[in-house]
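Secondary and tertiary structure notes
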Amino acid sequence: MRILQLIDTLNAGGAERVAVNFANALVDEVDASFLCATRREGVLKKLLKPEVGYLFLERSSTLDISAIKRLSVFVKHRNISHIHAHATSFFIGTILKILHPKIKLIWHDHYGESEYLKQRPKAVLKFCSKYFNHIFCVNSKLKVWAETNLKTTRVSYLPNFAELDRQSAITQLKGFVNKRIVCLANLRPQKDHITLLKAFKEVNSRFPKWSLHLVGQDFQDDYSKSIRSHIEIENLSNSVFMYGSCSDISAILKQCDIAVLSSKSEGLPLALVEYGLAKLPTIATNVGDCNLVISNENEGKLIAPQNSLALKNAIEVFINNPEKAKLAGEQLNLKVKLHFSKQATIKSIVKVYQSM
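Please read all numbers here as calculations on a predicted model, not as lab measurements.

Criteria and cut-off values
- Residues numbered from 1 in each chain as written.
- Predicted model: local features only at pLDDT ≥ 70, side-chain atom pairs only at ≥ 80, totals over all residues.
- Heavy atoms only, no water.
- Axes fitted to C-alpha atoms, helices over the stretch in contact; angles between N-to-C directions.
- Helix = DSSP H or I, 4+ residues; strand = E, 2+ residues; numbered from the N terminus.
- Parallel < 35°, antiparallel > 145°, perpendicular 65-115°, else oblique.
- Left-handed = near helix turned anticlockwise from the far one by under 90°.
- Contact = heavy atoms within 4.5 Å.
- Nonpolar A, V, L, I, M, F, W, Y, C, P; charged D, E, K, R; others polar.
- Domains from an automatic or database assignment.
- Buried area = accessible area lost by both parts, 1.4 Å probe.
- Salt bridge = Lys/Arg side-chain N within 4 Å of Asp/Glu carboxyl O.
- Polar contact = N/O pair within 3.5 Å; in protein donor to acceptor, adjacent residues only side chain to side chain.
- Expected span 1.5 Å × (residues − 1).
- Buried < 20%, exposed > 50% of the residue type's maximum accessible area, 1.4 Å probe, protein only.

**What to know about the packing of helix H6 (residues 193-206) against helix H11 (residues 308-320)**
Their axes nearest at 8 Å, the elements H6 and H11 cross at an angle of 45°. With respect to their mutual orientation, H6 and H11 come out oblique. Remark: the crossing between H6 and H11 carries right-handed chirality. Between H6 and H11, the residues in contact are Thr195, Leu196, Lys198, Ala199, Glu202, Val203 and Arg206 and Ser308, Leu311, Lys312, Ile315, Glu316 and Ile319, respectively. Per-class residue counts for the contact of H6 with H11 are 6 nonpolar, 2 polar and 5 charged.

Below, the structure written as structure tokens:
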């Protein structure tokens, strides 16, 4: 088997991290592992193993004929047997399937707004789904949605896995040591940073030495402007720090003491798995499949979305009870290693590849 991971960018997002993790992990499991970034490169490129065959397509539009031809030649010359298309790259994956009918096409649905599936556009996806040999979904809601709305007969749930990256430390966090809260999330509305900022404002009034660190891509849009404006208006500039997209996530998490994810919609966020690997006491909202990662009080705090008071209280419980916080981080670490390990996930996807 010769497997190509297809992803639009290599920015530090969840779907992008999964594509890179799969490409790296499959090096030792299949005959050859490849990855193609169709639109843009990014910070995750440096995490690819040298054994992974790599192509940057520089696709400039949906129907960039020149880019499609280059990818078609790449697929043919390298005898690609399976294309594993992540997120929105399903469209170019479908074109390749039409051009090379013998190739097996897998689509990986990472849709992050699973609380709002009724509003999800599906016309193009439904057409393309006729060509999918299999669909992987990152949570159970997406699996049900695919089985109900798409034309692919084989659909399965596949939890995300994460690895501690070996990237040397680049980012030095500001603030006081042992008093840092981290939120690992790209600046998108569904991540609901505003509720987190409201909660932290209250925390900071009682614990002024604690700081909040926002790590994730800044799209320089109205949403990111609203975050910056909120920080300024609430006089939080000396306690809330933004770092943009970073590749040294493991090194960043080692500098932190509490981890938070305040989303109002999710799939199964890779950030939670990464928090667990880092043994961080974690607070997350009960959306998507977050409850599969944090399933009880011993593993962390699961709160209602868009509730700044509940989030504030949860943060303060960990601040006031460092031993309890440490134990929660250790329990989450055990849970992640047991149920969201690389070994179990790769075994599952290889089995699906082989079944085709």
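**Looking at the domain arrangement of the chain**
In terms of domain boundaries, the chain breaks down into domain 1 (2-161 + 341-355) and domain 2 (180-340). At the interface, 24 residues of domain 1 touch 23 residues of domain 2. Across the interface of domain 1 and domain 2, roughly 1,800 Å² is buried in total on both sides, 48% from carbon and sulfur atoms. It is Arg17, Asn160 and Ser341 in domain 1 that bury the most area against domain 2; as a group they hold 27% of the surface buried on that side. At the surface where domain 1 touches domain 2, the tally comes to 1 salt bridge. Taking the shortest distance from any N to any O, the salt bridge between Glu274 and Arg17 comes out at 3.8 Å. Taken together, the connections running from domain 1 to domain 2 amount to 11 residue pairs in polar contact (both at pLDDT 80 or more). Among the elements that take part in the side of domain 1 that touches domain 2, helix H1 (residues 14-25) stands out by supplying 3 residues, more than any other. Residue composition of the side of domain 1 that touches domain 2, grouped by class: 10 nonpolar, 9 polar and 5 charged.

**Side note on H6**
Over its 14 residues, H6 extends 20 Å from the first C-alpha to the last, a length consistent with the 20 Å expected when each residue adds 1.5 Å. Those residues of H6 not exposed but buried are His193, Thr195, Leu196, Leu197, Ala199, Phe200, Val203 and Asn204. Tucked into the core, H6 has its buried residues touching strand S8 (180-184), strand S9 (211-215), helix H7 (222-233), strand S10 (240-244), strand S11 (258-261) and H11.

**Some points on the pattern of salt bridges**
Side chains that differ in sign of charge can pair as their charged atoms come close. Across all of its chains, the model carries 13 salt bridges by this definition. Glu266 is the partner of Lys191 in a salt bridge, and the nearest nitrogen-oxygen pair spans 2.6 Å. Of the two residues, Lys191 sits in the loop between S8 and H6 while Glu266 sits in the loop between S11 and helix H9 (270-277), which places them 75 residues apart along the sequence. Neither residue differs from the other here; Lys191 and Glu266 are each classed as buried. One salt bridge connects Glu297 with Lys301, and the closest N-O pair in it is separated by 3.0 Å. Within the structure, one salt-bridge network assembled from shared partners comprises Arg206, Lys312 and Glu316.

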